[in-house]
Amino acid sequence: MSVRIVVDSTASLPPEIVEELGITVIPLHVMGESEGEESTSGLSALELCACYARQLERGGDDGVLALHLSKTLSSTWSAAVTAAAVFPGTVRVVETDTVGMAIGAAAMAAAAVAREGGDLDACEAMAKSTLERAGTWLYLHQLEDLRKSGRLSAGTALSATLLATKPILHLHGGKLELAAKTRTQTKAFARLAELVMEPAGDQPVFAAVQHAEAPEAAQQVAATLEEVLPDGSKVLVGPLAEVLAAHTGPGAIGLSVVFASE
């Protein structure tokens, strides 16, 4: 038996990785359209409690490590803390302060430690280390969906609208901030590469490029990264989770990177 790793669907993990590493993914809710827009809902404490109980049973009570999207973006984190209290000492919820494949990468790293026989402390330490070394950026075609969701401040949305037709946002401390202002998609993709190159230095990185109905654009970003990143870097490409795409709108590109050191 081993420690079980649980994430919600915003981690955007590819199915083949989920299966290979035995990670449990619990989907957030995407509701039907209201006034032409999709709406989403976080997970409840009851849903998470049931999930954690099943995983404890599967793992022989070795423990569960739960990684969910930032508490500033969803009620899921607080629900997870409530659910974990039912299993004192055996279920731990990591405060990620992020979303997307930064969480996915932390889950992958923790799951690898679990497979090697690491205990709950070791898995938690690896997940936290990965998150501390991670950065997440978001390129958007338009800001309206994200602004309406309340996950982007009115001030940031206004600044991005006034200063840039193709904004790049940075997720910092669980909040989206304007990271760069660009005028064209080509310049935006080049700027994304620059934002990664500087902190990477000469050390290889893990990068995940994810998209909302924009596979060609995602491949373009990935190709640019593969050209400029240090040897040994790994670049993964895949779709954004549906629950994230509902807020970003079509054409969005998410970039999560795990660096070699903080």
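As shown above, the structure is provided for reference.
What counts and what doesn't
Residues numbered from 1 in each chain as written. Predicted model: local features only at pLDDT ≥ 70, side-chain atom pairs only at ≥ 80, totals over all residues. Heavy atoms only, no water. Pairing = 2+ DSSP bridges. Helix = DSSP H or I, 4+ residues; strand = E, 2+ residues; numbered from the N terminus. Axes fitted to C-alpha atoms, helices over the stretch in contact; angles between N-to-C directions. Expected span 1.5 Å × (residues − 1). Buried < 20%, exposed > 50% of the residue type's maximum accessible area, 1.4 Å probe, protein only. Core = buried A, V, L, I, M, F, W, Y, C linked by side-chain atoms within 4.5 Å. Contact = heavy atoms within 4.5 Å.

1. Quick look at the sheet that holds strand 5 (residues 64-68)
- An order of 2-1-5-6 is seen for the 4 strands of this open sheet, with the pairing classed as parallel. Of all strands in the sheet, those bounded by a partner on one side alone are strand 2 (24-26) and strand 6 (91-95). The sheet shows a mean angle of 25 degrees between the axes of neighbouring strands, direction not considered.
- Direction of pairing for strand 1 (residues 4-8) relative to strand 2: parallel, over a ladder of 3 bridges. For Asp-8, the partnering residue across the bridge sits in strand 2 and is Ile-26.

2. What about helix 4 (residues 101-115)?
- With 15 residues, helix 4 extends 20 Å between its outermost C-alpha atoms, agreeing within 8% with the 21 Å of an ideal straight helix rising 1.5 Å per residue.
- Most of helix 4 sits out of view: 13 of its 15 residues are buried.
- Gly-117 sits one or two positions beyond helix 4 and adopts a positive phi of about 95 degrees.

3. Observations concerning the nonpolar core
- Membership of the largest hydrophobic core comes to 63 residues, with the highest contact counts inside it found for Ile-5, Leu-13, Ile-23, Tyr-52 and Leu-67.
- Here this core gets 10 residues from one element, more than from any other, and that element is helix 4.
- If sequence neighbours within four positions are ignored, Leu-67 has contacts with Ile-5, Val-6, Val-7, Asp-8, Val-94, Thr-96, Ile-103, Ala-106, Ala-107 and Ala-127.
- In terms of nonpolar packing, the next biggest core, distinct from the first, is built from 26 residues, Ala-188, Leu-192, Val-196 and Val-235 among them.

Take it as geometry only, folks, not as evidence of what the structure does.
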